[in-house]
Amino acid sequence: MSKVYVFDHPLIQHKLTYIRDKHTGTKEFRELVEEVATLMAFEITRDLPLQEVEIETPVSKAKAKVIAGKKLGIIPILRAGIGMVDGILKLIPAAKVGHIGLYRDPETLKPVEYYVKLPTDVEERDFIVVDPMLATGGSAVEAIRALKKRGAKNIKFMCLIAAPEGVEAVQQAHPDVDIYIAALDEKLNDHGYIVPGLGDAGDRLFGTK
Ligand code: URA
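Residues numbered from 1 in each chain as written. Predicted model: local features only at pLDDT ≥ 70, side-chain atom pairs only at ≥ 80, totals over all residues. Heavy atoms only, no water.

Going by the annotation in an unreviewed UniProt entry, the name recorded for the chain is Uracil phosphoribosyltransferase, with Anoxybacillus thermarum given as the source organism. Quoted straight from UniProt, the Catalytic activity (unreviewed entry) entry for the chain says "UMP + diphosphate = 5-phospho-alpha-D-ribose 1-diphosphate + uracil". (UniProt positions renumbered as here; feature names shortened; annotations may be inferred.)

S.K.: Please clarify how the pattern of salt bridges should be interpreted in this entry.
M.R.: A side chain of one charge can pair with a side chain of the opposite charge when the charged atoms of the two come close. Taken as a whole and assessed by the stated rule, the structure comprises 16 salt bridges. A salt bridge links Glu35 to Lys15; the shortest N-O distance between them is 2.6 Å. With Glu35 in helix α2 (residues 26–44) and Lys15 in helix α1 (residues 10–20), this pair connects stretches of sequence that are 20 residues apart. Judged by relative accessible area, which is 33%, Glu35 ranks as partly exposed. In this structure, Lys149 engages Glu113 in a salt bridge whose closest nitrogen and oxygen atoms are separated by 3.1 Å. Placement of the pair is Lys149 in helix α4 (residues 138–149) and Glu113 in strand β7 (residues 111–117), with a sequence separation of 36 residues. Classification of Lys149 as exposed rests on a relative accessible area of 59%. Within this structure, Lys71, Asp121, Glu124 and Arg125 form a network of salt bridges that share partners. (Salt bridge = Lys/Arg side-chain N within 4 Å of Asp/Glu carboxyl O. Helix = DSSP H or I, 4+ residues; strand = E, 2+ residues; numbered from the N terminus. Buried < 20%, exposed > 50% of the residue type's maximum accessible area, 1.4 Å probe, protein only.)

S.K.: I tried to follow the confidence of the model for the chain on my own but got confused; where do I start?
M.R.: When pLDDT is low, close inspection of the predicted coordinates is not appropriate. Taken residue by residue, the chain gives an average pLDDT of 97. The fraction at 70 or more is 100%. Of the two predicted TM-score estimates for the complex, the pTM is 0.96 and the ipTM is 0.96. (pLDDT = per-residue confidence, 0-100.)

S.K.: What exactly am I supposed to notice about the site of the ligand here?
M.R.: Around the ligand lies a shell formed by Met133, Ala135, Gly192, Tyr193, Ile194, Gly199, Asp200 and Ala201. For the ligand, a nitrogen atom lies 2.7 Å from a polar atom in the backbone of Gly199. Here Ala201 contributes a backbone N or O atom positioned 2.7 Å from an oxygen atom of the ligand. Alone, the ligand offers 240 Å² of accessible surface; in the complex the protein occludes 81% of this. Looking at side-chain class alone, the shell around the ligand contains five nonpolar, two polar and one charged residues. (Near = heavy atom within 4 Å. Polar contact = N/O pair within 3.5 Å; in protein donor to acceptor, adjacent residues only side chain to side chain. Areas by Shrake-Rupley, 256 points an atom, 1.4 Å probe, with all protein chains shown as cover. Nonpolar A, V, L, I, M, F, W, Y, C, P; charged D, E, K, R; others polar.)

S.K.: Just to check I follow, could you spell out a nonpolar patch on the surface for this structure?
M.R.: Nonpolar side chains collect at one region of the surface, where Val4, Val6 and Leu184 lie side by side and expose about 220 Å² of accessible area between them. Within the element layout of this structure, Val4 appears in strand β1 (residues 4–6). (Patch = residues over 30% accessible without salt bridge, like charges linked within 9 Å, V, L, I, M, F, W, Y side chains within 5 Å.)

Here you go:
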C-alpha cells in the first residue's frame, strides 16, 4: 500500500488557511497556491539522489554534493493543476511539464481522457502528478493510469487538500503511488466538494466565478 505524507510545516499550514478563506481574492489565491506548491516541492524532493563532485572553494579542494541528474516531469491535471506548476518549477526549473485533461462522461460519470501531452522520454522520468484537490479520486486515478499506460514507472501524486475518499481511491487503484498533501479534510459533500475544503479550485484560480 502506498504512503500518505501530510506536510504540516507551519508555513504551509498558514498559507493554506488563507487559501481556504472565501474572502481571499483571485490574485492572492493564485499567489498562495504557487507559494504552497513551492514549499511542497521542497519537501517532495527530499529523496532525490545526490552524487559527489570535486570542486575548488577559494580556500581548498573539496568534495561536495549535487543532484544526480534525475529526470523529472510535472503533470498538472487540467485545469486547476496548472496553478501549482510555476511554484514547483521555481525549485526544479529543469523539469519537463506534461498535461493531462479529463472530462466526465455524462452517461458513465467516469473520467475520460481528452488531452494527453507528455515529455517524449516518459520511461526515463520520475513524475509528480499535481492537482490542488483530491476529491473522489476519479481524475487522479485516471491521470495516473494514463501516465502508466504510456510507460511511466515512478509516480508521486501531490495535492493541497484531500478527502479520505480520494486517498482511498488512489491507494486502491495505484498502491505504488505515494500521496503528498497539505491537509486531509473531513469528507465530501453531496455535490462532490471537499468539506471544509476551499471551494472550486479552478474557479478560484482563474477567476471564473
Ligand atoms: N474540486 C474542487 O475544485 N473542489 C472540491 O472541493 C472538489 C473537487
